[in-house]
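These are the residues of each chain, in order.
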Amino acid sequence: METINGKQCRASGAEQPVFIGYPNRSAKLADLHISRALPIRERRLVGPWCFLDRFGPVAFTVGKPMNVPPHPHIGLQTVSWLLEGEILHNDSLGSEAIVRPGGVNVMTAGKGISHTEETPGKHSGRLNGVQLWVALPDSARHIVPSFTHVKEVPAVETRGGMIQVFAGTKNGATSPAPYYSAIIGLDVQIHPGSTFELDLDPSYEHALLVLSGGCDFEKNGLKEQVLYYLGTCRSSLALTSQSGSRVILIGGQPFPETILMWWNFVARTPAELSQARADWEAHRRFGEIPGEHGDRLAAPDLLRFAHPNPAS
Ligand code: MN
């Protein structure tokens, strides 16, 4: 009898355009305050996107605001996107890369990987960004892990603004990072006093998260720390801003599989989750990160914490 209680998630994929605001939750990642937009009770997925953390902006002179010790992942990709500052990534494949604004780090966990994320010793004293997770489809979730650092994703001027494409393809620009489902991930900058317009794939569901500034969607004022779910069947998007604004747009075809999320794992069955937990605790499967001899994150207890806080 499996006792692990992962969270079942399925993209419900509203079959029409909707407009629903879901307030973010507050969370902590070590000492860093996080605003968690996904997952939330009412909406576990937007396309294959299953996790969205917003952190910063913070300014610092001492210490490391980002300092996540070695921890494992399975069945997902992590996508790190910054507006300010830098994060150093190291993983059990031996990858080492500093992501900065305009670039993206995409780690494909597949059957298992471990990594650290930290503010590098040489830094700007600023940190401001997001980390997202993408659920891997069944056909890709057991693949060999990989890591892709993109120094600069494509940026395209559009009507009323500019987009940076960190996932998928939009307006002829394609993110160089690998993805395994129909997906879109954009950083949208709306020029001051402008209406930004973009064509959407109506087979996708989409959601918006305001990063800075104020903007309006269909005469609704959008606020920070709220995930706005837009449903499917939209062929265009218009956002108006007086002062200028920056927004994350995520989307994809409604994910056709039911996933189980627990801690840093995305799986399908409780047995898979409990095996991954046991493997991490036994130092199997996830490898070691070169040069890391310090503390690693211990997996939470299976019984006592039904929904442990992910390390991201
Ligand atoms: Mn992680």
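Look up: the structure comes first, before these words.
Since this is a predicted model, take the numbers as computed values, not measurements.

What counts, and where the lines are drawn
- All residue numbers refer to position in the chain's written sequence, counted from 1.
- A pLDDT threshold of at least 70 governs which residues receive local features in this predicted model, and a stricter bar of 80 or more applies before side-chain atom pairs are shown or counted, although totals over entire chains, interfaces and linings include all residues.
- In computing side-chain values, all of the structure's heavy atoms are included and hydrogens and water are not.
- A pair of strands is treated as paired once DSSP finds two or more bridges between them.
- Working definition: helices are DSSP H or I runs of at least four residues, strands are E runs of at least two. Numbering for both runs from the N terminus.
- Helix axes are fitted only over the stretch in contact, all axes being lines through C-alpha atoms; the angle between N-to-C directions runs from 0 to 180 degrees.
- Any two residues whose heavy atoms approach within 4.5 Å are treated as being in contact.
- Side-chain atoms within 4.5 Å are what join buried Ala, Val, Leu, Ile, Met, Phe, Trp, Tyr and Cys residues into a set we call a nonpolar core.
- Throughout, exposure labels follow a simple rule: accessible area from a 1.4 Å probe, protein chains only, divided by the maximum for the residue type, with under 20% read as buried, over 50% as exposed, and the rest as partly exposed.
- The aromatic pairing rule takes the rings of Phe, Tyr and Trp, using the six-membered ring of Trp, and pairs them if the centres are within 6.5 Å, calling planes under 30 degrees apart stacked, those over 60 edge-to-face and the rest tilted.
- Definition used: whenever NZ (Lys) or CZ (Arg) falls within 6 Å of the ring centre and also within 35 degrees of the ring normal, the charge is taken to sit over that ring.
- Whenever a carboxyl oxygen of Asp or Glu lies within 4 Å of a side-chain nitrogen of Lys or Arg, that contact is scored as a salt bridge.

**Let's talk about the sheet that holds strand S18 (residues 194-199)**
Next up, step 1: Read from one edge of the open sheet, 4 strands run S18-S23-S20-S21, paired in antiparallel fashion. Looking at strand neighbours, the two that pair on one side only are S18 and strand S21 (220-222), the edges of this open sheet. This sheet shows a mean twist of 30° between the axes of neighbouring strands, independent of strand direction.

**Here's the deal with the sheet that holds strand S3 (residues 25-29)**
Next up, step 1: One open sheet accounts for 7 strands, arranged S3-S4-S5-S12-S7-S10-S13; its pairing is antiparallel. Both outer strands of the open sheet, S3 and strand S13 (146-150), are each paired with one neighbouring strand and no more. Neighbouring strand axes in the sheet, compared pairwise and without regard to direction, differ in orientation by 20° on average.
Next up, step 2: Pairing geometry for strand S7 (residues 76-85) and strand S12 (residues 126-135), over 9 bridges, is antiparallel. Across the sheet, Val79 pairs through a bridge with Leu132, a residue of S12.

**A short note on the environment of Pro202**
Next up, step 1: Here Pro202 lies in the loop between S18 and strand S19 (205-213).
Next up, step 2: A C-alpha to C-alpha distance of 4.7 Å links Pro202 and Arg234, two positions 32 residues apart in sequence.
Next up, step 3: Here Pro202 is in contact with Thr232, Cys233 and Arg234, once residues within four sequence places are set aside.

**What to know about the nonpolar core**
Next up, step 1: One finds Trp49, Leu52, Val79, Phe166 and Ile250 to be the most contacted residues of the largest nonpolar core, which totals 31 residues.
Next up, step 2: Formed by 24 residues, the second largest nonpolar core is a distinct cluster that contains Val165, Leu186, Val226 and Leu239.

**Focus on the packing of aromatic side chains**
Next up, step 1: Applying the stated criterion across every chain, the model contains 10 aromatic pairs.
Next up, step 2: Put simply, the rings of Trp262, Trp263, Phe265, Trp280 and Phe286 touch in pairs and so form one group of aromatic residues.
Next up, step 3: In this arrangement the basic side chain of Arg43 is found over the ring face of Tyr229, its NZ or CZ atom lying 3.6 Å from the centre.
Next up, step 4: Its guanidinium or amino end placed over the ring of Trp280, Arg296 lies 3.6 Å from that ring's centre, counting from NZ or CZ.

**Topic: the environment of Gly221**
Next up, step 1: Here Gly221 is to be found in strand S21.
Next up, step 2: For Gly221, a relative accessible area of 51% gives the class exposed.
Next up, step 3: Sequence spacing of Gly221 and Gly193 is 28 residues, and the spatial spacing of their C-alpha atoms is 15 Å.
Next up, step 4: Filtering out sequence-adjacent residues up to four positions away, Gly221 remains in contact with Cys215, Asp216 and Tyr228.

**Quick look at the pattern of salt bridges**
Next up, step 1: Under the counting rule described, the total for this entry stands at 11 salt bridges.
Next up, step 2: For Asp53, the salt bridge is made with Arg36, and the minimal N-O distance between the two is 2.7 Å. Highlighted residues: Asp53 in strand S5 (residues 49-59) and Arg36 in strand S4 (residues 32-38), separated in sequence by 17 residues. Across the pair, Arg36 and Asp53 agree in class, each one buried.
Next up, step 3: Residues Arg126 and Glu84 are paired through a salt bridge, measuring 2.9 Å at the closest nitrogen-oxygen approach. In this pair, Arg126 is assigned in strand S12 and Glu84 in strand S7, connecting sequence segments 42 residues apart.
Next up, step 4: On the basis of relative accessibility, which here comes to 24%, the residue Glu84 falls in the partly exposed class.
Next up, step 5: One continuous salt-bridge network, built from bridges that share partners, spans Asp138, Arg141 and Glu272.

**Quick word on the pairing of strand S6 (residues 67-73)**
Next up, step 1: Taking burial as the measure, the 7 residues of S6 include 5 buried ones, the bulk of the element.
Next up, step 2: Here S6 runs beside strand S11 (residues 113-118); their pairing, made up of 5 bridges, is antiparallel. Bridge assignment links His71 to a residue of S11, and that residue is His115.

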